[in-house]
Amino acid sequence: QAQLVESGGGLVQAGGSLRLSCAGSGRTFSRDTMGWFRQAPGKEREFVGAMSWSGGLTYYADSVKGRFTISRDNARNTVYLQMNSLKLEDTAVYYCAAGDRVLSTRSPDAVEYWGQGTQVTVSS
């Protein structure tokens with residue numbers, strides 16, 4: 001059974017950094033567009049960023065551009081989200097996602113595989 005498992009969430013002070021990891025299992029995700037979404041309490045799930053399978057294309061939400069970086073290691077079936085200069089408004093559950101149309105649509109409806117989510121809390 002194919003699944004994605006996130007790790008690396010936690011509590012960090014504003015201005016700090018965290019690195020999230022997402023490991024795939026059950027199938028190779030090396031040919032899939034991979035990305036990240038997040039959902040804050042009382043809000044809809046929103047697109048954070050995504051990367052094509054080759055790493056040649058990336059796209060970030062304006063709210064994280066310049067602060068967050070996605071990378072991937074296809075040999076390890078893993079994608080990462082490096083988060084720097086964290087702000088209070090970055091507090092959310094972060095979800096790893098895979099789907100061929102994620103990069104083009106940036107929509108949760110395009111996601112074919114979801115991780116279980118990892119909590120990121122930014123404190124003042």
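Residues numbered from 1 in each chain as written. Predicted model: local features only at pLDDT ≥ 70, side-chain atom pairs only at ≥ 80, totals over all residues. Heavy atoms only, no water.

A. Quick look at the overall build of the protein. Check the secondary structure of the protein and you find one helix and eleven strands. Computed over the C-alpha atoms, the radius of gyration of the protein is 13 Å, within 12% of the 14 Å expected from 2.2 N^0.38 for a compact globule of 124 residues. Principal axes of the C-alpha set define a box for the protein whose edges measure 40 × 25 × 25 Å. Looking at the protein as a whole, 46% of its 124 residues qualify as buried. If you take every contact in the protein between residues at least 6 apart in sequence, the share linking residues at least 24 apart comes to 58%. Accessible surface computed for the protein: about 6300 Å², of which carbon and sulfur atoms make up 46%. The protein carries 13 positive and 11 negative side-chain charges, and their two centres are separated by 4 Å. (Helix = DSSP H or I, 4+ residues; strand = E, 2+ residues; numbered from the N terminus. Rg over C-alpha atoms; globule rule 2.2 N^0.38 Å. Buried < 20%, exposed > 50% of the residue type's maximum accessible area, 1.4 Å probe, protein only. Contact = heavy atoms within 4.5 Å. Areas by Shrake-Rupley, 256 points an atom, 1.4 Å probe, with all protein chains shown as cover. Lys, Arg positive; Asp, Glu negative; His and termini not counted. Charge placed at Lys NZ, Arg CZ, Asp CG, Glu CD.)

B. Here's a closer look at the packing of aromatic side chains. One pass over the full model with this rule turns up five aromatic pairs. Ring plane angle 70° and centroid distance 5.2 Å describe the contact between Phe37 and Trp114, whose orientation is recorded as edge-to-face. In this pair, Phe37 is assigned in strand E4 (residues 34-39) and Trp114 in strand E10 (residues 113-114), connecting sequence segments 77 residues apart. Relative accessible area serves as the criterion here: at 30%, Trp114 is assigned to the partly exposed category. Measuring from ring centre to ring centre gives 6.2 Å for Phe47 and Tyr59, while their planes differ by 40°; the resulting arrangement is tilted. Here Phe47, found in strand E5 (residues 46-51), pairs with Tyr59, found in strand E6 (residues 58-60); they are twelve residues apart in sequence, far enough to count as distant. Note on Phe47: relative accessible area 11%, which makes it buried. (Phe/Tyr/Trp six-rings, centres within 6.5 Å; stacked < 30°, edge-to-face > 60°.)

C. Molecular detail of the pairing of strand E3 (residues 18-25). Judged from the five bridges that link them, strand E1 (residues 3-7) and E3 form a sheet pairing that is antiparallel. Paired with Val5 across the bridge in E3 is Ala23. Across six bridges, E3 lies against strand E8 (residues 78-83) in antiparallel orientation. Following the sheet pairing, Arg19 is matched in E8 by Gln82. (Pairing = 2+ DSSP bridges.)

D. How the structure looks around the pairing of strand E7 (residues 68-73). Side chains Phe68, Ile70 and Arg72 of E7 all project onto a buried face; the interleaved residues Thr69, Ser71 and Asp73 project onto a face where none is buried. With six bridges connecting them, E7 and E8 associate as antiparallel partners. Looking at the pairing, Thr69 lines up with Gln82 of E8.

E. Broad picture of the environment of Gln119. Among the structural elements, Gln119 can be located in strand E11 (residues 118-123). Gln119 sits 109 residues away from Gly10 along the chain, and the two C-alpha atoms are 6.1 Å apart. Beyond its immediate sequence surroundings of up to four residues, Gln119 is in contact with Gly9, Gly10, Thr91, Ala92 and Val93. Among the polar contacts listed, one links the side chain of Gln119 to the backbone oxygen of Ala92, at a separation of 3.5 Å. (Polar contact = N/O pair within 3.5 Å; in protein donor to acceptor, adjacent residues only side chain to side chain.)

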